[in-house]
Amino acid sequence: MIDLKGNKAFVPYIMAGDGGMETLKEKLLYLQECGAAAIEIGIPFSDPVADGPTIQKAGIRALKEGTTLKMVLNDIRAYKEEISIPLILMTYLNPIVAYGLEKFAEDASEAGISGCIIPDLPLEEEDFILPMLDRNELSLIRLVTITTPDQRIREIASRATGFIYAVTVAGITGARNDFSEELTDFLQNVKSLSTVPVMAGFGISSAEQVVEICKYCDGVIVGSKIVDLFHQGEKEEIKRLVGSIKGVNQNILA
Amino acid sequence: MNQTYRLPDEKGHFGAYGGRFVPETLMKAVLELEQEYNRALADQEFQAELEKLMKDYVGRETPLYLAENLTEHAGGAKIYLKREDLNHTGAHKINNTVGQALLAARMGKRKVVAETGAGQHGVATATVCALLNLECVIFMGKEDIRRQQLNVFRMKLLGAEVISVDAGSGTLKDAVNEALRYWVTNVRDTHYILGSVMGPHPFPKIVRDFQSVIGKETKRQFFDKEGKLPDALVACIGGGSNSIGLFHPFIEDTSVEIYGVEAAGLGLETEKNAASLAKGKPGVLHGAMMYLLQDEAGQIQEAHSISAGLDYPGIGPEHSYLHDIQRVNYKAVTDDEALEAFQLLSKLEGIIPALESAHAIAYAVKLAAGMGRDKNIVVCLSGRGDKDVQTIMDRTGGLG
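Residues numbered from 1 in each chain as written. Chains lettered and ligands numbered in written order. Predicted model: local features only at pLDDT ≥ 70, side-chain atom pairs only at ≥ 80, totals over all residues. Heavy atoms only, no water.

**Student:** Looking at this structure, I do not really get the UniProt feature "modified residue: N6-(pyridoxal phosphate)lysine" (unreviewed entry) in chain B. What am I missing?
**Tutor:** All names here are of chain B. Look at the UniProt record and you will see "modified residue: N6-(pyridoxal phosphate)lysine" (unreviewed entry) annotated at K93. Its place among the elements puts K93 in helix 4 (residues 93–106). For K93, a relative accessible area of 16% corresponds to the buried category. K93 has contacts with Q120, H121, A124, G195, S196, Q211 and S241, leaving out every residue within four places of it along the chain. (UniProt positions renumbered as here; feature names shortened; annotations may be inferred. Helix = DSSP H or I, 4+ residues; strand = E, 2+ residues; numbered from the N terminus. Buried < 20%, exposed > 50% of the residue type's maximum accessible area, 1.4 Å probe, protein only. Contact = heavy atoms within 4.5 Å.)

**Student:** Would you mind going over the sheet that holds strand 7 (residues 161–165) of chain B with me for this structure?
**Tutor:** Strands belonging to one sheet form pairs held by backbone hydrogen bonds; the direction of such a pair is parallel or antiparallel. Residue and element names in this part refer to chain B. Taking strand neighbours across the sheet as the criterion, the four strands line up as 7-6-5-8 in an open arrangement whose pairing is parallel. Looking at which strands have only one partner, the edges of the open sheet turn out to be strand 7 and strand 8 (190–192). Across this sheet, the average inter-strand angle for adjacent strands is 25 degrees, counted without regard to direction. Across three bridges, strand 5 (residues 111–116) lies against strand 8 in parallel orientation. Paired with K111 across the strands is T190, a residue of strand 8. Together, strand 5 and strand 6 (135–141) form the strand contacts of helix 5 (residues 120–132), whose direction differs from that of strand 5 by roughly 165 degrees. (Pairing = 2+ DSSP bridges. Axes fitted to C-alpha atoms, helices over the stretch in contact; angles between N-to-C directions.)

**Student:** Please explain the domain arrangement of chain B as it appears in this structure.
**Tutor:** Many authors give the size of an interface as the accessible area that is lost as the parts come together. Residues and elements named next belong to chain B. You can read the domains of chain B as domain 1 (13–47 + 93–203) and domain 2 (58–90 + 211–396). Computed from C-alpha coordinates alone, the two centres of domain 1 and domain 2 are separated by 22 Å. Opposite the 40 residues of domain 1 that make contact, domain 2 presents 46 residues. Summing both sides of the interface, domain 1 and domain 2 together bury roughly 3200 Å²; the carbon and sulfur share of this comes to 60%. On inspection of domain 1 and its partner domain 2, the count reaches one salt bridge. Of the charged contacts in the structure, one is a salt bridge between D311 and R147, with a shortest N-O distance of 2.6 Å. The interface formed by domain 1 and domain 2 contains 14 residue pairs in polar contact (both at pLDDT 80 or more). Breaking the side of domain 1 that touches domain 2 down by element, the ones donating at least two residues are strand 2 (17–21), helix 4, helix 5, helix 6 (142–147), helix 7 (149–157) and helix 8 (172–186). Taken together, the residues that form the side of domain 1 that touches domain 2 break down as 17 nonpolar, 17 polar and six charged. (Domains from an automatic or database assignment. Buried area = accessible area lost by both parts, 1.4 Å probe. Salt bridge = Lys/Arg side-chain N within 4 Å of Asp/Glu carboxyl O. Polar contact = N/O pair within 3.5 Å; in protein donor to acceptor, adjacent residues only side chain to side chain. Nonpolar A, V, L, I, M, F, W, Y, C, P; charged D, E, K, R; others polar.)

**Student:** I tried to follow the side chain of R83 of chain B on my own but got confused; where do I start?
**Tutor:** Residue and element names in this part refer to chain B. Its location among the elements puts R83 in strand 4 (residues 78–83). Classification of R83 by relative accessible area gives buried; the value is 13%. Beyond its immediate sequence surroundings of up to four residues, R83 is in contact with T62, P63, Y65, I351 and L381.

**Student:** What exactly am I supposed to notice about the nonpolar core here?
**Tutor:** Most often, soluble globular proteins keep nonpolar side chains buried together rather than apart. Counting 104 residues, the largest nonpolar core has L24, L28, I41 and F104 of chain A as its most contacted members. Two domains each provide a minimum of three residues to this core, namely domain 1 (13–47 + 93–203) and domain 2 (58–90 + 211–396) of chain B. Excluding its chain neighbours within four sequence positions, the residues that come into contact with L24 of chain A are I14, A16, I41, V72, D75, I76 and Y79 of chain A. Counting residues in hydrophobic clusters, the runner-up holds 65 residues, among them L33, A126, L134 and V152 of chain B. (Core = buried A, V, L, I, M, F, W, Y, C linked by side-chain atoms within 4.5 Å.)

**Student:** In this structure, what is going on with the sheet that holds strand 10 (residues 257–265) of chain B? I would like to understand it.
**Tutor:** Residue and element names in this part refer to chain B. Pairing is mixed across the open sheet formed by six strands, whose spatial order is 3-4-15-9-10-14. With partners counted over all chains shown, the strands left at the sheet margins are strand 3 (64–66) and strand 14 (329–334), one partner each. Adjacent strand axes in the sheet meet at a mean angle of 30 degrees, parallel and antiparallel pairs treated alike. Across three bridges, strand 9 (residues 232–236) lies against strand 15 (residues 376–381) in parallel orientation.

Next up, the structure:
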């Protein structure tokens, strides 16, 4: 899905509808221009149990704007030709259930979506939606976490499509200053077990962390920080943060 | 339904409901809990310790009491009350917390997190944590903290840390969200004592099994008194733990009519209710597929009930299933009807029921009135009402 060509990837996350639906296209095009390898589009949900305060608040703002999954898919479909990088939906399961599984997969595919991350859909339950995603050529991006035992990482890796989302903390989303010492081992371990790219996410918020973490995996996903910077109107800062991946890749070449 | 009832299946499904819809970070803990629970079931020492605590600490068995004055008032079937209000801490909640705290200790987890609505589950959790020397953190909605001050103080007295949740409507759903986030972050040394028959497998099964003591005792006690099975069972439902506890041992006894009572709040015709079956549709929340109050886009709605313990926009997966197969009849009772029943039981029987249980009383009186005097109803009186006295005073301006 993500064509790395030996490069490391920066994947930003944004909350659809935060700041109004009319800002979605603008944000997607901007992130593409900044050098994002793919973009994760969050769908707001009333009860986001895997998310910390920043994304919770962004979700509440988006819901106040009346954002729905249907609106987001309709919006993106209208300008999908202008976006050349993969778009990935990050949504809790219930908005998909309410939409209708088959209809959702068809509409998402038609809107040019490449894959889905569903944080409350573990391996044990994925058969619930997998056939519909497969039929519509949508990847299901699976998560592994620092609490996932090795045997289970192997099982998840054996089914992986697109990339593996390696959750860097035992916890919820949100910027952090420090990561545990186990993180390096964890990422190297996941990397050794996976045949698809491994992207690290949760808690990553600075260019320094991007550089450090990219040593052990294929790229990073940055959510809360990007959401916060868009909310504050700090677009230059976003360019700098996303651009930090260019430095990483130049060093690889050098 | 003549076939034997053996649910959930090994993946935690009750038909289309239940399952384990949780973040990957929690899967290890959820799978471990299932293993440990299965071991505990087969461990005679564990069972003996549980039984001892249930008897000597909780005060079981609880009486099955024939409410003659209430029966007379209703003018039909005899009404028996299963007195879960007489348990230590004043509600059925402790049946589950004793069992789960023993499981936590078995797993070497010395920290416990729990959510609470009315505060009864929080108090029951804080109580067993004090007993077994476990650290205890309780999440409680801001609105619930306001209306259940007495229970907040009790939890603190028992050594628990009570954390106020401001998000959403500041009620039970929001407290569960926050407790889940806390568990995700502290899962390595913390056990989550879920208080109702909801959440990811194996919680709906574990909580049901521990609460089934209610129905097992009822069956035996009723047989001793009347020499047969009761004709009907009635219990209130928020997430559904006291009700499933009473109902489960009777599921295969098809002669027994079973009634679950949801909170209709200001009325089913309004938006202000907590009747997930009457007004909701299936979806996924807090780890399970179940009936949920939600809008067209799948956003969960805020529930409303005068009773903090029923103020939840979902109903456990097993109830969702029992509704679909029509083994249990689900009804709804409004705030006003519950208030009336609260005062009625207090005056007629000298028993002040929890507002939650008052919903069951209200429906039972209606049901009894339409049944012959040779029929019998058992109502689960799930908790006592001391905690609700302030709410009633505010609402009625005293009794005059």
